[in-house]
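So the chains spell out like this:
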Amino acid sequence: MRRDRVRASLSWVALAAFALCGASACSHVSEGIHPAALENQASNLKEKETPADRARPFVQLGQKYLEIGKLELAQENLLKALKYDPKSIDAHTLLATLYDRVGDRTQALQHYREAALLAPKAGAENNNYGMYLCKLGQYAEARKYFDVAFADGFYTAKASAYTNAGTCELLGQGSLDRAETDFRSALALDPNDAQALYQLASVLYRKNDFFKARAFVQRYDALGQASPDALLLARDIETRLGHADAARDYAQRLRDQFPDSEQARALQSKPSS
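Counting restarts for each chain: residues are numbered from 1 in the order of the written sequence. Local features are withheld for residues below a pLDDT of 70 in this predicted model, meaning they are given only at 70 or higher, and side-chain atom pairs are given and counted only at 80 or more; totals for whole chains, interfaces and linings count all residues. Side-chain numbers here rest on the full set of heavy atoms in the structure, without hydrogens or water.

Visitor: Help me understand the state of the cysteines, please; the structure alone is not making it clear to me.
Guide: Each disulfide consists of one covalent bond between the sulfur atoms belonging to two cysteines. A pair of sulfur atoms, both from cysteines and within 2.5 Å, is called a disulfide here. Counted according to the given criterion, the structure contains one disulfide. One disulfide in the model links Cys 134 with Cys 168; its S-S distance is 2.4 Å. Disulfide Cys 134-Cys 168: the torsion about the S-S bond is 120°, which places it as right-handed. With a gap of 34 residues between them, Cys 134 in helix 7 (residues 123–135) and Cys 168 in helix 9 (residues 158–171) connect regions that are remote in the sequence. Residue Cys 134 shares its accessibility class with Cys 168, and that shared class is buried. Think of it this way: any DSSP run of H or I at least four residues long counts as a helix, any run of E at least two long counts as a strand, and we number them from the N terminus. For the exposure calls, accessible area comes from a 1.4 Å probe over protein chains only, and a residue counts as buried if that area is under 20% of its type's maximum, exposed if over 50%, partly exposed in between.

Visitor: Sorry, what's going on with helix 6 (residues 105–118) here?
Guide: It helps to recall that an α-helix has 3.6 residues per turn; residues three or four apart then point in one direction. Each helix should span, by expectation, one fewer than its residue count multiplied by 1.5 Å. Between its first and last C-alpha atoms helix 6 spans 20 Å; for 14 residues at 1.5 Å apiece the expected length is 20 Å, and the two agree. All buried positions along helix 6 are accounted for by Ala 108, Leu 109, His 111, Tyr 112, Ala 115 and Ala 116. In this structure, the buried residues of helix 6 make contact with helix 4 (71–84), helix 5 (89–101) and helix 7. The contact rule is simple, with two residues in contact once any of their heavy atoms fall within 4.5 Å.

Visitor: How should the packing of helix 3 (residues 51–67) against helix 4 be read in this particular structure?
Guide: Each pair of packed helices can be described by the angle between their axes along with the distance between the axes. Fitted lines through C-alpha atoms give the axes, limited to the stretch in contact for helices. The angle between two N-to-C directions lies from 0 to 180 degrees. Contact geometry of helix 3 with helix 4 gives a least axis separation of 8 Å together with a crossing angle of 170°. In terms of orientation, helix 3 and helix 4 fall into the roughly antiparallel class. Pair helix 3 / helix 4 crosses with left-handed handedness. Between helix 3, through Pro 51, Arg 54, Ala 55, Phe 58, Val 59, Leu 61, Gly 62, Tyr 65 and Leu 66, and helix 4, the contact on the second element is made entirely by Leu 71, Leu 73, Ala 74, Asn 77, Leu 78, Lys 80, Ala 81 and Tyr 84. For this scheme, ten residues count as nonpolar: Ala, Val, Leu, Ile, Met, Phe, Trp, Tyr, Cys and Pro. Four count as charged, namely Asp, Glu, Lys and Arg, and the remainder, Gly too, count as polar. For the contact of helix 3 with helix 4, a count of residues per class yields 13 nonpolar, two polar and two charged. Angle categories: roughly parallel below 35 degrees, roughly antiparallel above 145, roughly perpendicular from 65 to 115, and oblique for all the rest. The sense of a crossing depends on the near helix, which, turned anticlockwise from the far helix by less than a right angle, makes the crossing left-handed and, turned clockwise, makes it right-handed.

So this is what it looks like as C-alpha cells:
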C-alpha cells in the first residue's frame, strides 16, 4: 500500500535522540541561586515539546523494528508512541500494518479506521482504510473512502487509489464500467501503472472489446513485468482475435517462464489455438 506519511515500502528514518535532563532534576538548585540561562533553556524546551515530539522517537523506532521483522519490539514502541500521542496517525497506520501481518484483523481494522478518522480528508489514510475494508469484503463501504482519497488534491499517490478502487469493484462483482473508469483514471495519472494496465485489459476482455484489451496487455508486457495471469490473458485475447500464431507464442512463454503455475496447467483444459 503507498502513502504520504508512512509509505507502503516502509522507508524508515533514523532514530531521534531523547533529552537527557528531566524536569525535576533541572528546574532548580538550592540556596536560591538559579543558573538562569540553563534553567530557562530547559524550561523552554519542555514547554515547546508537543505530544507528537514525545511520541516521534517511538514511532521511528517502531518503524525500524517493523522493517526488519522484529514485530514484538515494533508493537511495544508503537504502543508507547500512542501513550504519548493518541492522535499519532503514523503510529496507528504502522500498528494496523503490523496487526494485519500477524493476522489480527480486528486490531488492524481498528487502527486503520482511527487513522482515517484522525485525517478525514487525507488521501493516504482513506486509501489505506478503503483497501483494508475491501480486503475484508466490505466493498460498498470501501468505495466511500476511495472517493475521499480521490478528492484530496494534495495526495501524490492518487493513481494507486484509483487502481485499488477499480480492483475492489471487480472483487465485489460490481460494475465493469465503473472499474474501467477507475483504471483509466489511474493510467491518466500514471501511464505505467502495471496493475491498472493489466486490470483494464482484463475488464475490456470481459466486455468483448478485444482490440482495446490487446493494446493494454501489450503495454503491460512492454514494462517487462511478465506474470502468469497476464500471459494467459494475452493468449486468450489473441485466440479471440483469431491470431493463432500470437496465441501460441504467449502460451509457450507461459509454459517456459512459469511451468509450475496454475495458469500453465490451465492451458491443458483450454482449446488449442
